[in-house]
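# A look at the structure
Single-letter residue listing:
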Amino acid sequence: MPSYDVMPNMELYQPVRVEDALDIASRYADRGWLVGGGQDTYGWLKDRAKSADALIDLSAIDELRGVRETAEGIEIGALTTLTEIAESALLKQSYSVLSDAAAVVASPQIRNIGTLGGNVSQDVRCWYYRRGLSCYRAGGNLCYADTPQGMNREHSLFETSRCVAAGASDTAPALVALDATMVLRSVDGERTLSAEEYFVGPAVDIENTTALRDGEILTAVRLPKAWANAEFYFEKVADRNVWDFSLVNVAAAFKVSGGNISESRVVCGAVQATPRRLTAIENAIQGKAKGAVTAQSVAGMASEGARALAHNGFKIPLMENLVKRAISA
Amino acid sequence: MNLNLTRRRFIKGVIASGAAATTTGVWVAANGASRPAGAVERMIRININGQVRTVDVAPQETLASTLRYKLGLTGTKLGCNRGECGACTVLVDDVSTYACSVLTHSVKNGRVETVEGLEAADGTLHPVQQAFVEELSPQCGYCTPGQIMAAVGLLRENPSPTREEARMGLSGNICRCGSYDSYLDGVMRAAQIG
Ligand SMILES: Cc1cc2nc3c(=O)[nH]c(=O)nc-3n(C[C@H](O)[C@H](O)[C@H](O)COP(=O)(O)OP(=O)(O)OC[C@H]3O[C@@H](n4cnc5c(N)ncnc54)[C@H](O)[C@@H]3O)c2cc1C
Ligand code: SF4
Ligand code: FES
Ligand code: FES
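About the cut-offs
- Here the residue index of a chain counts from 1 through its sequence in written order.
- Chains carry letters and ligands carry numbers; both start at the beginning, A for chains and 1 for ligands, and go up in the order they are written.
- Local features in this predicted model are restricted to residues of pLDDT 70 or higher, and side-chain atom pairs are both shown and tallied only at a pLDDT of 80 or more, whereas totals for entire chains, interfaces and linings draw on every residue.
- Numbering of helices and strands runs from the N terminus; a helix is a DSSP stretch of H or I covering at least four residues, while a strand is a stretch of E covering at least two.
- Every radius of gyration here is taken over C-alpha atoms, with the globule rule written as 2.2 Å times N^0.38, N being the number of residues.
- Burial is judged by counting other C-beta atoms within 10 Å of a residue's own C-beta: 20 or more means buried, 12 or fewer means exposed, and anything between counts as partly exposed, with every C-beta placed from the backbone.
- Residue pairs are scored as contacts if the distance between their C-beta atoms, which are placed from the backbone, is within 7 Å.
- Any nonpolar core is a set of buried residues, restricted to Ala, Val, Leu, Ile, Met, Phe, Trp, Tyr and Cys, that join up through C-beta atoms within 7 Å.
- Segmentation of the chain into domains, including their bounds, is taken from an automatic or database domain assignment.
- We call a residue near a molecule or strand when its C-beta atom, built from the backbone, sits within 6 Å of it.
- Polar here means any residue other than Ala, Val, Leu, Ile, Met, Phe, Trp, Tyr, Cys and Pro, which are nonpolar, and Asp, Glu, Lys and Arg, which are charged; Gly is therefore polar.
- Expected helix span is taken as 1.5 Å per residue step, with the number of steps being one fewer than the number of residues.
- Axes, fitted as lines to C-alpha atoms, cover a helix only where it is in contact. Angles between the N-to-C directions of the axes lie from 0 to 180 degrees.
- Working definition: roughly parallel below 35 degrees, roughly antiparallel above 145 degrees, roughly perpendicular at 65 to 115 degrees, and oblique for all remaining angles.
- Two helices that cross are described as forming a left-handed crossing if the nearer one is turned anticlockwise from the farther one by less than a right angle, and a right-handed crossing if clockwise.

## Regarding the overall build of chain A
Helix and strand counts for chain A come out as 13 helices and 12 strands. A globule of 329 residues ought to have a C-alpha radius of gyration of about 20 Å, and chain A, at 19 Å, matches this closely. Taken over the C-alpha atoms alone, chain A extends approximately 60 × 55 × 35 Å along its principal axes. Relative to its 329 residues, chain A shows a buried fraction of 57%. Intrachain contacts of chain A at a sequence separation of at least 6 include 64% that bridge at least 24 residues.

Below is the structure:
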């Protein structure tokens with residue numbers, strides 16, 4: 001396949017009000033492409049693996065940016081950059097699992113431009129799909145990664161359904177660990193989804209990673225007070241510390257009283273298309289002391305139900321160890 | 001990165017484009033005859049290295065294309081053209097940015113700086129350039145403009161970084177010659193002479 005230097009011709013809109021962006025998004029529907037920072041967008045278009053009639057650049061919409069305190073917790077505009085999230089004093093103080101996750105995305109330059117909305121709405125990183133092959137996720141009827149010759153070291157352990165691609169976002173597991181609420185707007189109004197509902201796997205919708213509908217814009221992410229200042233843990237393992245996507249990551253939140261875990265949310269990323277919440281672990285550690293002993297006793301449960309592909313079996317002990325470290329920390 | 005700077009960038013963007021929105025009362029900032037209402041106007045004015053340049057920019061054009069192929073500023077290199085190497089690093093309102101992975105239209109209200117803009121009018125090199133010369137930082141030199149711009153961006157935000165902070169600051173720039181330590185030596189020296 002040839003490598004193209006430039007993107008094909010398209011229209012570009014740069015609305016400054018969210019209402020206008022919604023009008024344009026609704027007008028173009030599936031032929032419009034929302035752009036936050038464009039860091040997951042331009043590769044698709046340069047490679048001619050996907051196309052659009054119009055780019056809708058959201059970056060000039062003031063009301064979609066910034067981290068603010070509300071009565072219920074914190075609201076983050078979807079266009080807030082990952083650097084702003086990584087450096088936000090409010091987030092570092094009370095929801096550090098999210099600022100820690102944002103701080104290890106890609107590279108400094110990508111974090112300077114890439115947005116939270118784009119990070120959680122990005123597509124999977126499967127090279128067959130990204131190269132424009134017509135696999136299941138692209139509307140075809142074959143998965144190239146799950147064949148005897150397929151390269152699937154980065155792919156899923158769980159919840160595969162024809163497509164075996166894993167989720168790529170580092171902030172997505174943190175948002176599930178924080179029980180975040182996603183605020184979606186369209187010309188018809190606003191709806192909210194929990195982060196767990198926002199991310200969808202191939203069994204639900206094989207062509208999309210989120211519940212966003214055509215014409216909808218993710219405008220904000222809300223973090224509830226209930227999880228402010230919990231004990232947090234985030235760790236990402238990747239081949240290189242910069243640019244590379246997580247092979248596995250873990251995002252965890254623990255409420256601890258008197259040394260014992262009263263409530264927790266433990267989530268792994270890059271092991272299936274959506275962030276995987278480990279509810280069996282959460283239940284098993286409830287009431288137990290937070291530390292190495294508890295961690296050791298439950299770590300094996302982390303990978304229960306995993307189905308390794310030809311080349312991703314290493315993710316099973318990796319996942320168990322990351323969960324162990326999260327509970328030990 | 002300095003948050004005030006990012007904030008200033010978007011405030012400027014909003015002021016520049018918002019002015020059009022309030023005078024017309026709608027989002028139709030510039031209504032080209034052959035374009036759907038509201039799509040961007042191709043002729044733009046953009047501040048590059050302190051000079052306001054007028055240039056015809058396609059809607060989907062990246063900043064690297066505009067700099068190299070429209071304005072002749074070939075100091076900004078293209079390595080991967082996919083956000084994976086850092087050769088194209090420039091500053092937009094002091095913030096390091098991959099020019100291959102940002103639309104020119106998205107940064108047209110900002111202040112763009114490329115490696116060509118660093119040298120003083122009398123030929124004095126920027127402290128980072130001078131330090132990179134003294135420390136023999138580059139080998140083949142292909143990644144050097146990007147390394148320089150990343151270092152300038154880092155030192156504006158953090159004028160005396162630790163070596164570890166400098167390593168993080170330059171971590172978005174690949175050097176195929178593996179000259180990383182020499183570049184870090186250069187950044188540490190630049191912080192002293194800067
Ligand atoms: C070399 C490289 C390395 C990377 N490494 C990592 C990594 O380690 N970890 C990681 O998590 N990511 C990584 N990424 C992926 C990603 O580009 C960035 O994480 C970035 O955050 C994406 O944000 P953006 O705003 O630039 O996205 P965009 O490209 O603007 O958008 C991505 C998608 O989300 C949609 N979208 C954007 N904003 C909204 C919104 N407000 N409402 C609805 N839909 C929206 C867009 O239509 C598009 O489909 C990497 C990318 C590159 C190129
Ligand atoms: S894993 Fe998914 S995206 Fe990759 S080839 Fe298979 S169907 Fe396509
Ligand atoms: S050319 Fe832009 S990052 Fe490689
Ligand atoms: S000096 Fe040759 S690539 Fe860096």
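The structure having been displayed, the exposition proceeds.
## Some remarks on the nonpolar core
In terms of nonpolar packing, the biggest core is built from 151 residues, with Ile56(A), Val97(A), Leu178(A), Ala252(A) and Val323(A) touching the most fellow members. A total of 7 residues in this core trace back to one element, the largest contributor, which is helix α4 (residues 144–157) of chain B. Looking at which domains feed residues into this core, each of domain 1 (3–26 + 41–117) and domain 2 (127–193) of chain B gives three or more. Residues in contact with Val323(A), not counting those within four places in the same chain, are Val250(A), Val266(A), Leu278(A), Ile281(A), Ala299(A) and Ala302(A).

## A look at the site of ligand 1
Taken together, 33 residues are adjacent to ligand 1, and Gly36(A), Gly37(A), Gly114(A), Gly117(A) and Gly118(A) come closest. More than a single chain frames ligand 1: its nearby residues are located in chains A and B. Elements with a minimum of two residues in the shell around ligand 1: β2 (32–35), α6 (108–113), α7 (116–121) and β8 (217–224) of chain A. Top contributing element to the shell around ligand 1 by residue count: α7(A), with 4 residues. Residue composition of the shell around ligand 1, by class: 16 nonpolar, 14 polar and 3 charged.

## A few points about the environment of Arg111(B)
Residue and element names in this part refer to chain B. With respect to the element layout, Arg-111 can be found in strand β5 (residues 111–113). Given 19 C-beta atoms within a 10 Å radius, Arg-111 is considered partly exposed. On a C-alpha basis, the gap between Arg-111 and Thr-162 in space is 28 Å, while along the polypeptide they are 51 residues apart. Leaving out residues up to four positions away in the same chain, Arg-111 has contacts with Asn-47 and Asp-93.

## Details of helix α13 (residues 315–328) of chain A
Residues and elements named next belong to chain A. Here α13 contains 14 residues, and its C-alpha end-to-end distance of 20 Å stays within 8% of the 20 Å for a straight helix at 1.5 Å per residue. Residues of α13 that are buried include every one of Lys-315, Leu-318, Met-319, Glu-320, Leu-322, Val-323, Lys-324, Ala-326 and Ile-327, and no others. Looking at the buried residues of α13, the elements they touch are β9 (231–237), β10 (248–257), β11 (260–269), α11 (279–285) and α12 (292–298).

## Observations concerning helix α2 (residues 63–70) of chain B
All names here are of chain B. Of all 8 residues in α2, 6 are buried; the element is thus mostly enclosed. Buried residues of α2: Leu-63, Ala-64, Ser-65, Thr-66, Leu-67 and Arg-68, and no others. Of the residues flanking the end of α2, it is Gly-72, one or two places downstream, whose phi is positive at about 70 degrees.

## Focus: the packing of helix α3 (residues 127–134) of chain B against helix α6 (residues 180–193) of chain B
All names here are of chain B. α6 packs onto α3 with a crossing angle of 130 degrees between their chain directions and a minimal axis gap of 8 Å. Here α6 runs oblique to α3, going by the angle between their axes. Between α3 and α6 the crossing geometry is right-handed. Each of Pro-127, Val-128, Gln-130, Ala-131, Phe-132 and Glu-134 in α3 lies in contact with α6, whose residues at this interface are Gly-186, Arg-189, Ala-190 and Ile-193. Grouping the amino acids of the contact of α3 with α6 by side-chain chemistry returns 6 nonpolar, 2 polar and 2 charged.

## Points about the site of ligand 2
The environment of ligand 2 is made up of 15 residues, and the closest members are Cys126(A), Tyr129(A), Cys135(A), Cys143(A) and Cys163(A). Of the residues that constitute the shell around ligand 2, the class distribution is 12 nonpolar, 1 polar and 2 charged.

## Re the interface of chain A and chain B
If you look at the interface, chain A gives 37 residues, while chain B gives 37 residues. Looking at the side of chain A that touches chain B, the elements that each hand over two or more residues are β1 (11–13), α1 (18–28), α2 (42–46), β3 (54–57), α3 (82–87) and α6 of chain A. The biggest single contributor to the side of chain A that touches chain B is α6(A), with 5 residues. Looking at the side of chain A that touches chain B residue by residue, the classes come out as 16 nonpolar, 11 polar and 10 charged.

That is the geometry; function is a separate question.
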